[in-house]
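Close look at the chain arrangement
What follows is each chain in one-letter form.
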Amino acid sequence: MIDIDKILENYDLDKLSIATLASHTSLQIVHGAKLEGFKTIVIVLRDRLWFYEQFKHLIDEYIVVDSWRDVCSKNVVSRLRESNAVMVPHGSYVEYIGLDCAENIEVPIFGLRGLFRVEADQHLKMDLLKKAGIPIPKIYSFDENIDRPVIVKLPGAKGGRGYFVASDSKKVFDKLKTYVDRGIIKSIDEAIIQEYLVGVTAYYHYFYSPILNRLEIMGADIRYESDIDGLRRMPLEVINAIGIEPTFTVVGNIPLVLRESLLPKILEYGLRFVEVTKKYIPPGIIGPFCLESVIDRDMNIKVFEFSGRIVAGTNIYIYGSPYSYLYWNEPMSTGRRIAREIKLAIEKNIIKNILT
Amino acid sequence: MIDIDKILENYDLDKLSIATLASHTSLQIVHGAKLEGFKTIVIVLRDRLWFYEQFKHLIDEYIVVDSWRDVCSKNVVSRLRESNAVMVPHGSYVEYIGLDCAENIEVPIFGLRGLFRVEADQHLKMDLLKKAGIPIPKIYSFDENIDRPVIVKLPGAKGGRGYFVASDSKKVFDKLKTYVDRGIIKSIDEAIIQEYLVGVTAYYHYFYSPILNRLEIMGADIRYESDIDGLRRMPLEVINAIGIEPTFTVVGNIPLVLRESLLPKILEYGLRFVEVTKKYIPPGIIGPFCLESVIDRDMNIKVFEFSGRIVAGTNIYIYGSPYSYLYWNEPMSTGRRIAREIKLAIEKNIIKNILT
Amino acid sequence: MIDIDKILENYDLDKLSIATLASHTSLQIVHGAKLEGFKTIVIVLRDRLWFYEQFKHLIDEYIVVDSWRDVCSKNVVSRLRESNAVMVPHGSYVEYIGLDCAENIEVPIFGLRGLFRVEADQHLKMDLLKKAGIPIPKIYSFDENIDRPVIVKLPGAKGGRGYFVASDSKKVFDKLKTYVDRGIIKSIDEAIIQEYLVGVTAYYHYFYSPILNRLEIMGADIRYESDIDGLRRMPLEVINAIGIEPTFTVVGNIPLVLRESLLPKILEYGLRFVEVTKKYIPPGIIGPFCLESVIDRDMNIKVFEFSGRIVAGTNIYIYGSPYSYLYWNEPMSTGRRIAREIKLAIEKNIIKNILT
């Protein structure tokens, strides 16, 4: 168990810096941090340094590593602490540095450290949503007969890679076996089999502020996935000629606003998520999270996945979203909102409440 | 006939407030009204009050009702008038409170009251477009043989629910009969049968300013509909397994900009709409409206529907749209534009020109 | 060879104006120019004048022409030079006024004049990308057997019209022959046959600043094409009934952000494009350009087309894009960025470096 309070004792709270891994939403995070007056740090892979040097005006310190595995090295950790760094974990954080480093790094984290373990396991994840009272798709156990289309997902944030659709048990197991054989997963029960939801996908970005005791809707998006979103505009003759089985590799995000009459339900599910994390993983979620859903023809929402951190879809709204303008009369990205929360916490002298 | 002038005699024009029904585009409307310095009122269903209380900073007064039918009650109407309220009707206004209340409520309305009746009837609606000289799809009469794909629509703003596609007369009538049997419509001729237009949909948001005598293009959007927009990315094997007949329930909106070379045509159709309403429903359209179209491969535009009020697609542009920035060098949503028009009218002492 | 330096000798650099053809991205260009304090000129077809007069607040001078062919007339050229005009060529520039006028007009151009000729020829175009080391789709020669789906494109900026998809040699040639017969192309080898790329399309907007010696990512978009993007949401029964062969007429653009982990590759390809133009078409690209790509399931990017000028997709970002906010802490469209570059060049007294 990391003793964050003790680490913070050696911090100069007037000189906090905001650190993140250079990828995913890091430009948004440092952009927002600068707007709020913080010093910024990115930990960057050597071969991407040239790219992040394009944004020198947003980045005060580069910690260059040869591998993400170095993030938990003594050297990096002590540099971070010397700079009074608060780490902002984003959607690729655990995938890059591994669960063990993510959970145990001796640097204060803005967010809920205890959630990483849950997020890494598809079954724990869906279980948490269920406990929250948020509607989820039917989950098939491995001995159940599959009698309708399902989507099969692999563990971890793989950006949609490895997902596949099937309509019978044989196909599900044959395919999973090839993944085991290729070493992509260790055993088939690492995967999760979910009912294929008919409707449209929608991803809701939230920000829970322990300081203001308020849950804000920050935006919404649709993912842009290769090759599934390309197939939809392929002439049938091409599909027939190529005979493609679609993949769901997320390559980008498209902005979305929801019917206002859906917002109460969306906020309610967000609040349930806040409550369930407070109950089972105290002190509960801090800052950004995302519920990932399908909305059906009767406007029922089922949540098939969540992210307990900032998601890539928020990159759409670097200058604020239609929703964030309703709360803040200034351009407020999720990245900036994180920095604002830290600033408010410092001003109120309760920074410990939002770091784990 | 409501005597608006008489109602306004008892109003303190320096203390006007802007009122709307809490749904659809109400957050945009009150957000814009606050930016222009107005007091704001929402009429809100009791069970949604908690949600709108999240936006206390935007809402000065809540009028809580147990049913939308209460909006025309003496109590609500007198509270509105005590607060010098101007009602802003949005796309769900008539659907919620009913045509009779919508037309007869003794509160000044920003917009064209006389248009509600036309909008409630698909046939009158298409007729108005035709009179305007705006290209529309072929409308089938009920004794005509249907020889190609058509889309059949039910009356009123049903958010796309109940629309269906068919390619022969039998299917059209069989389906409509089930709607009559289920009490969704009273007789089949409440529906309208339109040629299925091949092309892409595009929705144009306009604002007609009687004060500036100018028609502004406020933005454009694409609707995001369940489940039709989900089907397009479903693997064929899933579609075959499920055998779904698509629905067109609008759940959200996606931003769109048009080729600049299409804009003159889009503005021209908007101007024709302004003119036709001036001629047949004086004093003509006031403020926001929307033309809903399909653009074909040769860039011909056919308008299959309109809304004489603010549409949900404008929620995308709460901080201004690519087009509104061309007119206003500040963030100008349609909600804010409404409040600005009212403000300009007060300043010029011609508020009566924009209320009905 | 135009002697730009000599023309500039007679210019009053303190009174430069920014001129463009009224279409495509002209409203964005003049909007941006006004924000930077420039006088603006549009050359406008007589029958569109009424439309551009709606934007009088953005346009200081209208040069009305009866045909785009008049742009190179003595009269127009001398009016432009009297107003110390810098011409900003956009994506429709060459299509409207013809290659000869585009190349030889005796007015300074912001952009690389020498690139027009390359852009007009699909084969030279793909060749330049290849020389740059940017991955491109396989190009079929006309005597090669076509064994998989290909997309066939006609020369020039035709907004996607005339593109078609085929999977065998016979169909390719039959169709091309009809185009020759109808006089759309002179001979079949004006067309280019490219491998049909499986994945999703993405268009990247860049701005190369010779003044700051920096390549900026200005945004990204997806095109909205009729009727292909409408077909994807057509019920199969309708497609079967109509039996449509899709077209790719671009009618609009939809915003997109990319995964941050793709940005280094996207910037790298942009830099390669800058370098190849510097080497083969000195002084190299100036200002806006666009790479048009497909991203496959493994996140490989192949570029199937480019535009050496401002593209219509930038119209999405008239108030800045998620990316432009990372470089500029103010709303920076590509149109405004052009004007800013000219302003910076004047201040540094090196305006000649960015005009050709």
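Residues numbered from 1 in each chain as written. Chains lettered and ligands numbered in written order. Predicted model: local features only at pLDDT ≥ 70, side-chain atom pairs only at ≥ 80, totals over all residues. Heavy atoms only, no water.

**Remarks on the domain arrangement of chain A**
When its domains are assigned, chain A resolves into domain 1 (4-109), domain 2 (138-195) and domain 3 (199-242 + 250-346). Each of domain 1 of chain A and domain 2 of chain A was reduced to a C-alpha centroid, and the two centroids are 35 Å apart. (Domains from an automatic or database assignment.)

**Section: the relation of the copies chain A and chain C**
After a rotation of 120° and a shift along the axis of 0.0 Å, chain A superposes on chain C with an RMSD of 0.0 Å. What the rotation and shift describe, once combined, is the action of a three-fold rotation axis. Rotation axis and chain A: the residue whose C-alpha lies nearest the axis is R232 of chain A, separated from it by 3.2 Å. (Least-squares fit on C-alpha atoms with pLDDT ≥ 70 in both.)

**Some details on the sheet that holds strand β2 (residues 39-45) of chain C**
Residue and element names in this part refer to chain C. Reading across from one edge, β3-β2-β1-β4 is the order of the four strands in this open sheet, with parallel pairing throughout. Edge positions in the sheet fall to β3 (61-65) and β4 (85-87), since each of these pairs with one other strand and no more. Across the sheet, the mean angle separating the axes of adjacent strands is 25° when strand polarity is ignored. In the sheet, strand β1 (residues 17-21) pairs with β2 via five bridges, with the strands oriented parallel. Directly across from I18, in β2, lies its bridge partner T40. Across the face of the sheet, helix α2 (residues 26-35) comes into contact with β1 and β2 while running at roughly 175° to β1. (Pairing = 2+ DSSP bridges. Helix = DSSP H or I, 4+ residues; strand = E, 2+ residues; numbered from the N terminus. Axes fitted to C-alpha atoms, helices over the stretch in contact; angles between N-to-C directions. Contact = heavy atoms within 4.5 Å.)

**Observations regarding the state of the cysteines**
Residues and elements named next belong to chain A. According to the stated counting rule, one finds three disulfides over all chains in the structure shown. The disulfide bridge from C72 ends at C101, spanning 2.0 Å between sulfur atoms. Torsion about the S-S bond of the C72 and C101 cystine: about 90°, corresponding to right-handed handedness. Taken together, the residues C72 in the loop between β3 (61-65) and α4 (74-82) and C101 in helix α6 (residues 99-104) connect sequence positions 29 residues apart. For C101, a relative accessible area of 9% gives the class buried. (Disulfide = S-S within 2.5 Å. Buried < 20%, exposed > 50% of the residue type's maximum accessible area, 1.4 Å probe, protein only.)

**What about the relation of the copies chain C and chain B?**
You can overlay chain C on chain B at an RMSD of 0.0 Å; the transform is a turn of 120° with a shift of 0.0 Å along its axis. With a heterologous cut-off of 20% or less, the 17% of interface residues of chain C that recur at the interface of chain B puts this contact in the heterologous class.

**Here's the deal with the sheet that holds strand β5 (residues 139-140) of chain C**
All names here are of chain C. One open sheet accounts for four strands, arranged β5-β8-β6-β7; its pairing is antiparallel. Two strands lie at the open edges of the sheet, namely β5 and β7 (164-166), each paired on one side alone. Bridge analysis of strand β6 (residues 150-153) against β7 gives three bridges, and the strand direction is antiparallel. The residue of β7 that forms the bridge with I151 is V165.

**A few points about the nonpolar core**
Nonpolar side chains in soluble globular proteins tend to be buried together. Counting residues in each nonpolar core, the largest one holds 340 residues, and the members touching the most others are L258 and L291 of chain A, L258 and L291 of chain B together with L258 and L291 of chain C. Aside from chain neighbours lying at most four places away, what touches L258 of chain B is A202, Y204, A220, L263, I266, I295 and Y323 of chain B together with V251 and G252 of chain C. (Core = buried A, V, L, I, M, F, W, Y, C linked by side-chain atoms within 4.5 Å.)

**Section: the interface of chain A and chain C**
With 48 residues of chain A in contact, the opposing surface of chain C contributes 43 residues. When the two sides are added together, the surface that chain A and chain C hide from each other amounts to roughly 4,000 Å², 63% of it contributed by carbon and sulfur. Together, Y224, R233 and V251 of chain A form the three largest contributors to the area buried by chain A at its contact with chain C, with a combined 18%. At the boundary of chain A and chain C, one finds one salt bridge. Here R297 of chain C ties to D227 of chain A by a salt bridge, and the two come within 2.7 Å at their closest N and O atoms. Looking at the side of chain A that touches chain C, the elements that each hand over two or more residues are α2 (26-35), α3 (49-52), β10 (214-227), α10 (228-231), α11 (236-242) and β11 (248-255) of chain A. It is β11 of chain A that contributes the most residues to the side of chain A that touches chain C, seven residues altogether. Taken together, the residues that form the side of chain A that touches chain C break down as 24 nonpolar, 15 polar and nine charged. (Buried area = accessible area lost by both parts, 1.4 Å probe. Salt bridge = Lys/Arg side-chain N within 4 Å of Asp/Glu carboxyl O. Nonpolar A, V, L, I, M, F, W, Y, C, P; charged D, E, K, R; others polar.)

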